[in-house]
Amino acid sequence: MLFLIFLSSGLFLGWSLGANDAANIFGSAVGSRMIRFRTAAWVSSVFVILGAVIQGHGGAETLNKLGAVSTLAGAFIVAFCAAFVVFAMTKRGLPVSTSQAIVGSIVGWSFYSGVEPNYSTLGKIASTWVLGPILGMVFAAILYLLFRKHLSHVQIHVIKLNIYTRIGLLVAGAFGAYSLGANNIANVMGVFISSAPDLSIDIGVVVFDTNQILFFIGGVTIAIGIATYGQHVMQKVGSGIINLTPEAALIVVLAQALALFTFSSKELSALVVSVGLPPIPLVPISSTQAVIGTLLGIGIVKGLNEIKLNSLYGIALGWILTPVVSCLLTYLLLFFAQNVFKLPVN
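Residues numbered from 1 in each chain as written. Predicted model: local features only at pLDDT ≥ 70, side-chain atom pairs only at ≥ 80, totals over all residues. Heavy atoms only, no water.

Q: What am I meant to see in helix H11 (residues 246-262) here?
A: An α-helix turns once every 3.6 residues. As a result, residues three or four positions apart point the same way. For H11, with 17 residues, the first-to-last C-alpha span of 25 Å sits near the 24 Å given by 1.5 Å per residue. Of all 17 residues that make up H11, 13 are buried, and the element is covered over most of its length. (Helix = DSSP H or I, 4+ residues; strand = E, 2+ residues; numbered from the N terminus. Expected span 1.5 Å × (residues − 1). Buried < 20%, exposed > 50% of the residue type's maximum accessible area, 1.4 Å probe, protein only.)

So, in C-alpha cells, the structure goes:
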C-alpha cells in the first residue's frame, strides 16, 4: 500500500505527459481537422501502452544511470516535481518537455543527496534535446520534398487523396504512439525502478516482471492524460506554429514518430554499431521538441515567412525554464520532506 501511495506521483507525471507530450503525435492531424480528437485519443491510448510494455526498457536504463533514486520517498518527490512543472506549463497551453522536467528533478535530487550525477549520461541526454528537433526537422524536410515531388508526377482525385491522407495519418499516428510509449515511459516510471519491490504477474502465456508492470501502469495513465486533457495542446501544436495542409500534417506525424523510434530501438542501435558507427543513444527524448522540429522543417521548405515566430518564443522559454524550475523545486521539497516529515529521501 505504501508503494502505491508513493507511486501516485508517477501516475500524475504519466497523466501530465499524456496531456502535454503525447498529444503531439496527433496534434497536426487534429489541428488540420483530418482526424477527430476522439479517434486520435483512442488510437494513441492503445499503442502508447503497447510501446511502453514491449519496448520501454532502453530509455529507462539510461535515465537510471543519470541518478538512481534509491528511496521511494525520493522517487515520489522527483516524479511529483516534474509532473507539477509539466502540468503548470500545460495549463498555459505551452508544449513543454517531460524529458527535461524529469532530468531536472533527478539532478535536483542528486545535488541534495550529495550524489554526483553521471555527467556523461547527462551530456548524452542533453545532446538529444538538440539532436531530437534537428532529426525531426531533417526527416520532415526530406519526406515533405519527396511527397510533393511524388504528387507532382501522379494524378490523384482530391477525394481519393483525402482518404489516403486520413488512413496515412491513422497509421503514422499509431506508429508515433507506439514510439512515444517505448521512448517516454522512462520519464514516467524510470525513477521508481531502483526502489520498487519485486513484483510479477503470471498470466500463463507470459510473465510480467516489475518493470513491465510499472510500464503498463504508466502507459495507462499516459492514455488517460491524452483523453482528458490533451485536446488543448493538440490545437496549439497543430495550428499555432505554421498552417498545415492535411498532407503536411501526415509528414509531421510520420517524421516525429521516426525521430522517437530512432532513440528507443535497441535493434536499430545495434545495426548502426554493426556497420562501424557509434551507437545511437537510447534515451527518452521530448516528443514536443521532435514535433516542433518537424514543423520547422516543413516551414523552412515552404518558406520562412510561413513560421509564426511569436509562438516559438513562448515555446523556447518553456524549454529553458522547465529543467531549471524542476531542479530547484525538487531540491526545496526534498529539504522539506526530510526535515519536516522525517522521510528518508536519499
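Q: It is not clear to me how the packing of helix H8 (residues 158-189) against helix H9 (residues 210-229) should be interpreted in this structure. Could you clarify?
A: How two helices sit against one another is set out by the angle between their axes and by the gap between those axes. Where H8 contacts H9, the axes come no closer than 9 Å and their chain directions differ by 100°. The angle between the axes of H8 and H9 places the two elements in the roughly perpendicular class. Here Ile-185, Val-188 and Met-189 of H8 lie close against H9, whose contacting residues are Leu-214, Phe-215, Ile-217, Gly-218, Gly-219 and Ile-222. Looking at the contact of H8 with H9 residue by residue, the classes come out as seven nonpolar, two polar and no charged. (Axes fitted to C-alpha atoms, helices over the stretch in contact; angles between N-to-C directions. Parallel < 35°, antiparallel > 145°, perpendicular 65-115°, else oblique. Contact = heavy atoms within 4.5 Å. Nonpolar A, V, L, I, M, F, W, Y, C, P; charged D, E, K, R; others polar.)

Q: Teacher, can you tell me more about the environment of Ala-29 here?
A: Looking at where Ala-29 falls in the secondary structure, it is placed in helix H2 (residues 24-31). With a relative accessible area of 0%, Ala-29 lands in the buried category. When the C-alpha positions of Ala-29 and Ile-159 are compared, they lie 17 Å apart, and in sequence the two are 130 residues distant. In contact with Ala-29, other than residues within four places in its own chain, are Met-34, Ile-35, Leu-169 and Ala-249.

Q: Quick question: what am I supposed to make of the environment of Ile-224 here?
A: With respect to the helices, strands and loops of the structure, Ile-224 is situated in helix H9. Spatially, the C-alpha atom of Ile-224 lies 9.0 Å from that of Ala-41, the residues being 183 residues apart in sequence.

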